[in-house]
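What follows is the residue order along each chain.
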Amino acid sequence: MDASGASRAWRSTLTDLRERSGAPMVFGGPVGTGGLRLTHFVGARTGSLDGLVVRAGSGLGGRVLRESDVLVVEDYGLASEITHDYDAAVSAEGLRTVVGAPVVVGRSVRGVVYAGLRGAPGRSDHVLRLRAAATGAARHLAREIAVEDEVERRVAARQAEEARSAVSLGRAHAELRELAASTTDPALGARLERIAAAMVEEAPAAPPLSPRQVDVLSLVATGAPYAVVAERLGLSAQTVKSYMRDLLVVLGAHGRHEAVAEARRRGLLP
């Protein structure tokens, strides 16, 4: 999930959690390098918890992160079941009863959702309601993250497949150009050039390139070094470099990779 999408999902989830639970403050954040980072808040009075990194095993959130389970402390400052690394930050918000629920996607905890009560410890029925609401919010957020993960996976797979297809097509195009240039049969050479030309759709604004420039650029697009391009086309390495200098000017590019990308964008290469 990208940053903007994640931020919207957290904000929506926490806003709904506060409305459903009646908790004066709800908050949470994603798991990243170093631990759980608290980044999203609804109902905060201070910035004491903003940006706090919670280590696995430390405090309530650290236990939730380590045990992947919903946990409750009814009197945070006196709780013996957690460490008190973050007491100052929690105390600054006046939180007393706090629920922490893990956002579990697959087998990984991707974040923690908290709901907190200020003042006296909450009544047992209120605590149960708070726990249920936080658990539901964490599960809802987990489903959203899982859906986004799957979308991103499919997009990445599609892009990888398109990239592989482009490489294969580019190599075929380069080989056709190479065969057309090396054959001694004019008719066959012309036919091969027509087949190669049919593999690309030249854009109206594409600059005219000479057949030899296309030959050079086609081989460069396969990743071949200049020396290999020169050998395969029967040219000197200096001549290939000269062709590339001209191509950079024609295509308005600053390097071979940018030249290939621009040629593809303009429909000069497959």
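Preceding block: the structure.
The rules behind these values
Residues numbered from 1 in each chain as written. Predicted model: local features only at pLDDT ≥ 70, side-chain atom pairs only at ≥ 80, totals over all residues. Heavy atoms only, no water. Buried < 20%, exposed > 50% of the residue type's maximum accessible area, 1.4 Å probe, protein only. Helix = DSSP H or I, 4+ residues; strand = E, 2+ residues; numbered from the N terminus. Arc of directions from axis to C-beta. Contact = heavy atoms within 4.5 Å. Core = buried A, V, L, I, M, F, W, Y, C linked by side-chain atoms within 4.5 Å. Axes fitted to C-alpha atoms, helices over the stretch in contact; angles between N-to-C directions. Parallel < 35°, antiparallel > 145°, perpendicular 65-115°, else oblique. Pairing = 2+ DSSP bridges. Patch = residues over 30% accessible without salt bridge, like charges linked within 9 Å, V, L, I, M, F, W, Y side chains within 5 Å. Areas by Shrake-Rupley, 256 points an atom, 1.4 Å probe, with all protein chains shown as cover. Salt bridge = Lys/Arg side-chain N within 4 Å of Asp/Glu carboxyl O. Expected span 1.5 Å × (residues − 1). Polar contact = N/O pair within 3.5 Å; in protein donor to acceptor, adjacent residues only side chain to side chain. Phe/Tyr/Trp six-rings, centres within 6.5 Å; stacked < 30°, edge-to-face > 60°.

Draft legend 1. Inspection of helix H7 (residues 226–233) at higher detail. Of the positions making up H7, those classed as buried are Val229, Ala230 and Leu233. Buried residues of H7, viewed axially, fall in a sector of 100°; they line one side. Within H7, the exposed residues directed more than 90 degrees away from the buried face are Ala227 and Glu231. Contacts made by the buried residues of H7 are with helix H6 (211–221) and helix H8 (237–251).

Draft legend 2. Quick peek at the nonpolar core. In terms of nonpolar packing, the biggest core is built from 23 residues, with Leu14, Leu17, Val26, Val103, Val113 and Leu141 touching the most fellow members. Mapped by element, the contributors of at least two residues to this core are helix H1 (3–21), strand E6 (95–105), strand E7 (108–118) and helix H4 (124–182). Sort the elements by how many residues they give to this core and H4 lands first, with 8 residues. Ignoring anything within four residues of it in the chain, the contact list for Leu14 reads Val26, Phe27, Gly28, His40, Phe41, Val42 and Val113. Leu60, Val73, Ala89 and Tyr114 belong to the second-largest nonpolar core, a separate cluster that totals 22 residues.

Draft legend 3. Seen up close, the packing of H7 against H8. The N-to-C vectors of H7 and H8 enclose an angle of 110°; their axes lie 8 Å apart at closest approach. Looking at the two axes, H7 sits roughly perpendicular to H8. Each of Tyr226, Val229 and Ala230 in H7 lies in contact with H8, whose residues at this interface are Ala237, Val240, Lys241 and Met244.

Draft legend 4. Looking closely at the pairing of E7. For E7, a buried count of 9 out of 11 residues is recorded, marking the element as mostly surrounded by other parts of the structure. The pairing of strand E1 (residues 25–32) with E7 spans 6 bridges and is antiparallel. Note on E7: the bridge partner recorded for Val26 is Ala115. Relative to E7, E6 runs antiparallel, the two being bridged by 10 bridges. Paired with Val103 across the two strands is Gly111, which belongs to E7. Count of turn residues in the E6/E7 antiparallel hairpin: 2 residues, of which Gly106 carries a positive phi of about 70°.

Draft legend 5. Expanded view of a nonpolar patch on the surface. On the surface, Val147, Val151 and Val155 cluster together to form a nonpolar patch covering roughly 230 Å² of accessible area. Along the chain, Val151 turns up in helix H4. For Val151, a relative accessible area of 40% corresponds to the partly exposed category.

Draft legend 6. View of helix H5 (residues 186–198). Between its terminal C-alpha atoms H5 stretches 18 Å, which fits the 18 Å expected from 13 residues at 1.5 Å a residue. Of the positions making up H5, those classed as buried are Gly189, Leu192 and Ala196. One face of H5 carries all of its buried residues, which in axial projection span an arc of 65°. Projecting away from the buried face of H5 at angles above 90 degrees are the exposed residues Pro186, Ala187, Arg191, Arg194 and Ala198. The residue sitting at the N-terminus of H5 and contributing the capping side-chain oxygen is Asp185; that oxygen lies 3.0 Å from the backbone nitrogen of Ala187.

Draft legend 7. Looking closely at the side chain of Glu93. Looking at where Glu93 falls in the secondary structure, it is placed in the loop between helix H3 (87–92) and E6. For Glu93, a relative accessible area of 1% corresponds to the buried category. A polar contact of 2.8 Å, which involves the side chain of Glu93, links it to the backbone nitrogen of Thr46. Setting aside chain neighbours within four positions, we find Glu93 in contact with Met25, Ala44, Arg45, Thr46, Ser48, Leu49 and Arg118.

Draft legend 8. Representation of the packing of aromatic side chains in the model. Within the structure shown, the criterion is met by 2 aromatic pairs. Here Phe27 and Phe41 contribute two aromatic rings whose centre-to-centre distance is 6.0 Å and whose plane-to-plane angle is 15°, an arrangement assigned as stacked. A residue pair is termed long-range when its members are at least 10 positions apart, and Phe27 in strand E1 and Phe41 in strand E3 (residues 40–42) qualify at 14 residues. By relative accessible area, Phe41 is classed as partly exposed at 24%. Each ring, one from Phe27 and one from Tyr114, has its centre 4.4 Å from the other, and the planes form 5°; the classification is stacked. Separated by 87 residues along the polypeptide, Phe27 in strand E1 and Tyr114 in strand E7 bring together distant segments of the chain. Each member of the pair, Phe27 as well as Tyr114, is classed as buried. By the ring-pair criterion, three or more aromatic residues cluster together here, those being Phe27, Phe41 and Tyr114.

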